[in-house]
Amino acid sequence: MNSSNNSLAARWDALSDAIRKRDLASSSVRQLAEQAGVEWYAKRGDEKLGDFLEKRGAALFKIPGFGRKKIEKLCEILESLGELVPADRKEVTTDSPRQRLEKWGCPIDFPCRLIVLPTRVRHYCEKNEIVSVGDLIDEWEQRGYCGLMAERNLGAKSVRAIERLIANLIAGDRAATATQVPLKPGKPGIDFAASLEHVISDQSRMQLNLLERRLVAQLTLEESAEGYGFTRERVRQIEASFLAAIEDRLDYFDGEHGELLSAWLAEEDWFLLVGWHGTKQGAILAKASLEAIFNRHADGVE
């Protein structure tokens, strides 16, 4: 190589040696690549950064199609990453995403269906028998961003939601991870109230209107369907699916279940009990839904 290429190779070696010692949020890598106009890299998927980091600068010039321009862009991405990594996260870490979850108090078998993720992700997990958060981590490590983007029923929003969870684990961002999964009973993290809010926010406006008619106003199936062109059976299915999702969370957060049932029987403020932070409209629907469940199961949800 000429002296100019030798200098660029040395620059890459120094940057890659430094970055290899740090936690990397994968979403940041891809975002930087897109901003830098490195489309060929963004399309490969940021999980491939490790492939480049393992190569010395001289070896990069031997990759077919690589030249000074591409290598300079990669160096710019590494320099930007170095600036983005907070000082308190620059220490070497060998913790995997699984190990981080366990250290933070989230069971590795926490159900995928209860993670705060888009509906499409949950459907994908059900279809592919991805049961736990551990299974989801394995799926990401095996397929990566590009592999999941190739799934026609997922889409960018869904894949990036998974990526955000993995990236927060890799970056050691406990607070951000806690917005998607529970970390420890009684500690920051998804609890029953937050999980219940997610079930409500996951409904379409049409579904919310039907559920409010049915559960809050307590209209009949026929009355609830009026104006929507639905059959009474379709309204029943929407209601049953919604209540089943809430019962699923009551079963998992069984401590809150017992306290909520006791508060309901004593006519106490159960939303104060669980620390509700959602909207007033959501609280009204949540309360009506819980009452419907408890009325059906006077002794509690089985």
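All values reported here derive from a predicted model rather than from experimental measurement.

**Details of the overall build of the chain**
Along the chain, the regular secondary structure elements total 18 helices and 0 strands. Looking at the chain residue by residue over its 302 residues, the buried ones come to 43%. Considering only contacts in the chain between residues 6 or more positions apart, those separated by 24 or more positions represent 66%. Summed over its atoms, the accessible surface of the chain is roughly 15,800 Å², and 49% of this surface lies on carbon and sulfur atoms.

**Some thoughts on the pattern of salt bridges**
Going through the model one piece at a time under the given rule, you end up with 9 salt bridges. With a shortest N-O distance of 2.3 Å, Arg113 and Asp248 are connected by a salt bridge. Linking Arg113 in the loop between helix H7 (97–104) and helix H8 (119–127) with Asp248 in helix H15 (residues 232–252), this pair joins segments that are 135 residues apart in sequence. Judged by relative accessible area, which is 37%, Arg113 ranks as partly exposed.

**As for helix H18 (residues 280–296)**
Taking 1.5 Å as the rise per residue, H18 with 17 residues should run 24 Å; its terminal C-alpha atoms sit 25 Å apart, in good agreement. Within H18, the full set of buried residues consists of Gly282, Ala283, Leu285, Ala286, Ala288, Ser289, Leu290, Ala292, Ile293 and Phe294.

**Brief notes about unusual backbone geometry**
With a phi angle near 55 degrees, Glu129 is a residue other than glycine that sits in the positive phi range. A relative accessible area of 68% places Glu129 in the exposed class.

**A closer look at the confidence of the model for the chain**
Scored by pLDDT, the chain comes out at a mean of 75, with 70% of its residues at no less than 70. Highest mean pLDDT in the chain belongs to helix H13 (residues 205–216) (91); lowest belongs to helix H3 (residues 39–44) (56). In the predicted structure, residues 84–93 sits below a pLDDT of 50 and forms 16 contacts with residues beyond four places in sequence or in another chain.

**A look at the side chain of Glu139**
By the element assignment, Glu139 lies in helix H9 (residues 133–149). A polar contact is formed between the side chain of Glu139 and the side chain of Tyr124, at a distance of 2.5 Å. Non-local contacts of Glu139, meaning those with residues more than four positions away in its chain, are made with Tyr124, Ile130, Gly144 and Leu148.

**Some thoughts on H9**
For an α-helix, the turn length of 3.6 residues means that residues three or four places apart are oriented alike. Spanning 17 residues, H9 covers only 19 Å between terminal C-alpha atoms, well under the ideal 24 Å at 1.5 Å per step. The largest bend in H9 comes to about 85 degrees, at Arg143. Looking only at H9, the buried set comprises Val133, Gly134, Leu136, Ile137, Glu139, Trp140, Gly144, Tyr145, Gly147 and Leu148.

**Quick notes on the nonpolar core**
Among the nonpolar cores identified, the biggest contains 27 residues, and Leu215, Phe242 and Ile246 are the most heavily contacted of them. Listed by contribution, the elements that provide at least two residues to this core are helix H12 (192–201), H13, helix H14 (221–225), H15 and H18. With 8 residues, the top contributor of residues to this core is H18. Leaving out residues up to four positions away in the same chain, Leu215 has contacts with Glu239, Phe242, Leu243, Leu285, Ala288, Ser289 and Ala292. In this structure, Leu117, Val133, Val159 and Ile166 belong to the second largest nonpolar core, which totals 26 residues.

**Notes on the state of the cysteines**
Enumeration over the complete set of coordinates arrives at 0 disulfides. Here Cys112 is not disulfide-linked; the sulfur of Cys125 is the nearest cysteine sulfur, at 4.0 Å.

**Describing the packing of H9 against helix H10 (residues 156–171)**
Helix-helix packing: each pair is described by the crossing angle between the helix axes and the interaxial distance. Contact pair H9 / H10: the axes reach a minimum separation of 10 Å and the direction vectors enclose 125 degrees. On the basis of the axis angle, H9 is oblique to H10. With respect to the hand of their crossing, H9 and H10 are arranged in left-handed fashion. Facing Val133, Leu136, Ile137, Trp140, Tyr145, Leu148 and Met149 of H9, the residues of H10 in contact are Ala156, Val159, Arg160, Ile162, Glu163, Leu165, Ile166 and Leu169.

**A closer look at the environment of His277**
When you line up the elements, His277 lands in the loop between helix H17 (270–274) and H18. The exposed category is assigned to His277, whose relative accessible area is 71%. Measuring from C-alpha to C-alpha, the distance between His277 and Glu197 comes to 8.5 Å, with 80 residues separating the pair along the chain.

**Digging into the packing of H15 against H18**
For the pair H15 and H18, interaxial distance at closest approach is 10 Å and the crossing angle is 80 degrees. Classified by the angle between their axes, H15 and H18 sit roughly perpendicular to one another. Facing H15, whose interface residues are Glu239, Phe242, Leu243, Ile246, Glu247 and Leu250, H18 presents Leu285, Ser289, Leu290, Ala292, Ile293, Phe294 and Arg296. Class assignment of the residues belonging to the contact of H15 with H18 gives a composition of 9 nonpolar, 1 polar and 3 charged.

**A few points about the environment of Trp12**
You can see Trp12 is positioned in helix H1 (residues 3–19). Residues Trp12 and Glu72 lie 60 residues apart in sequence; the distance between their C-alpha atoms is 8.4 Å.

The rules behind these values
Residues numbered from 1 in each chain as written. Predicted model: local features only at pLDDT ≥ 70, side-chain atom pairs only at ≥ 80, totals over all residues. Heavy atoms only, no water. Helix = DSSP H or I, 4+ residues; strand = E, 2+ residues; numbered from the N terminus. Buried < 20%, exposed > 50% of the residue type's maximum accessible area, 1.4 Å probe, protein only. Contact = heavy atoms within 4.5 Å. Areas by Shrake-Rupley, 256 points an atom, 1.4 Å probe, with all protein chains shown as cover. Salt bridge = Lys/Arg side-chain N within 4 Å of Asp/Glu carboxyl O. Expected span 1.5 Å × (residues − 1). pLDDT = per-residue confidence, 0-100. Polar contact = N/O pair within 3.5 Å; in protein donor to acceptor, adjacent residues only side chain to side chain. Bend = angle between axes of the 7 residues up to and from the residue. Core = buried A, V, L, I, M, F, W, Y, C linked by side-chain atoms within 4.5 Å. Disulfide = S-S within 2.5 Å. Axes fitted to C-alpha atoms, helices over the stretch in contact; angles between N-to-C directions. Parallel < 35°, antiparallel > 145°, perpendicular 65-115°, else oblique. Left-handed = near helix turned anticlockwise from the far one by under 90°. Nonpolar A, V, L, I, M, F, W, Y, C, P; charged D, E, K, R; others polar.

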